[in-house]
Amino acid sequence: PKLCGANHVFCNDCMGRHINEELGTKGVLPACPLSAECGHVLTRDQVDEILAAGSEEPRVALARFDLLCHRAGLQALGAFPCANAMCEDWIVPSDPGVQQLV
């Protein structure tokens, strides 16, 4: 599939492996393999379409994609995860960038 405005094109099998590696092993949002040139991060629809074309079960990968998107959005707000490893909550500071007691 064509992935980005720079017309980078890859086969579905290679892209499926790339997406699974990025989401599962590296724990990052998948981007165009040539993202150093174009900067394109794949959309949820692109990930869904590519994984649906393969034989892998896309539900787990899409759930991971959604989680990483959610975390990226929280980080963009200046939020950070709770220091307790057992807690999945995030803290959104009232004054980002300023040290505060929690």
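So, here is what we can say about the structure in this document.

What counts and how
Residues numbered from 1 in each chain as written. Predicted model: local features only at pLDDT ≥ 70, side-chain atom pairs only at ≥ 80, totals over all residues. Heavy atoms only, no water. Helix = DSSP H or I, 4+ residues; strand = E, 2+ residues; numbered from the N terminus. Rg over C-alpha atoms; globule rule 2.2 N^0.38 Å. Buried < 20%, exposed > 50% of the residue type's maximum accessible area, 1.4 Å probe, protein only. Contact = heavy atoms within 4.5 Å. Areas by Shrake-Rupley, 256 points an atom, 1.4 Å probe, with all protein chains shown as cover. Core = buried A, V, L, I, M, F, W, Y, C linked by side-chain atoms within 4.5 Å. Expected span 1.5 Å × (residues − 1). Salt bridge = Lys/Arg side-chain N within 4 Å of Asp/Glu carboxyl O.

### Let's talk about the overall build of the protein
Across its full length, the protein holds four helices and two strands. Secondary structure elements of the protein occur, N-terminal to C-terminal, as α-α-α-α-β-β. Its C-alpha radius of gyration of 16 Å places the protein more than 25% over the 13 Å reference for a compact globule of 102 residues. For the protein, buried positions account for 24% of its 102 residues. Sequence separation of at least 24 residues holds for 39% of the intrachain contacts in the protein that already meet a minimum separation of 6. Element-wise, carbon and sulfur atoms account for 53% of the exposed surface of the protein, whose accessible area totals about 6900 Å².

### Focus on the nonpolar core
Core analysis: the biggest nonpolar cluster contains 14 residues, and Leu3, Met15, Ile19, Leu23, Leu42 and Val47 have the highest contact counts within it. Broken down by element, the residue count for this core peaks at four residues, all from helix H4 (residues 58-76). For Val47, the contacting residues outside a window of four places in its chain are Ile19, Pro30, Leu42, Leu62 and Phe65.

### What about the environment of Leu23?
With respect to the helices and strands, the residue Leu23 is situated in helix H1 (residues 12-26). With near-sequence residues (within four places) excluded, Leu23 lies in contact with Val28, Pro30, Ala61, Arg64, Phe65 and Leu68.

### Notes on H4
In this model H4 runs 27 Å from its N-terminal to its C-terminal C-alpha over 19 residues, within 8% of the 27 Å that 1.5 Å per residue would give. Here H4 has its buried residues at Pro58, Ala61, Leu62, Phe65, Leu68 and Leu74. One or two positions beyond H4, positive phi appears at Gly78, with a value near 90°.

### Side note on the pattern of salt bridges
Here the structure, examined in full by the defined rule, presents two salt bridges. Linking Lys26 and Glu22 is a salt bridge whose minimum nitrogen-to-oxygen distance equals 3.0 Å. Placement of both Lys26 and Glu22 in helix H1 is noted, with a separation of four residues, approximately one turn of the helix. Across the salt bridge formed by Arg44 and Asp66, the nearest N and O atoms sit 2.7 Å from each other. Taken together, the positions of Arg44 in helix H3 (residues 44-53) and Asp66 in helix H4 put the pair 22 residues apart, joining distant regions of the chain. A relative accessible area of 33% means that Asp66 is categorised as partly exposed.

### Description of the environment of Ala52
Along the chain, Ala52 falls in helix H3. The class for Ala52 is exposed, based on a relative accessible area of 51%.

### Observations concerning unusual backbone geometry
The phi dihedral of Asn7 falls on the positive side, at around 60°, and the residue is not glycine. Looking at the secondary structure, you find Asn7 in the segment before H1. For Asn7, a relative accessible area of 49% translates into the label partly exposed.

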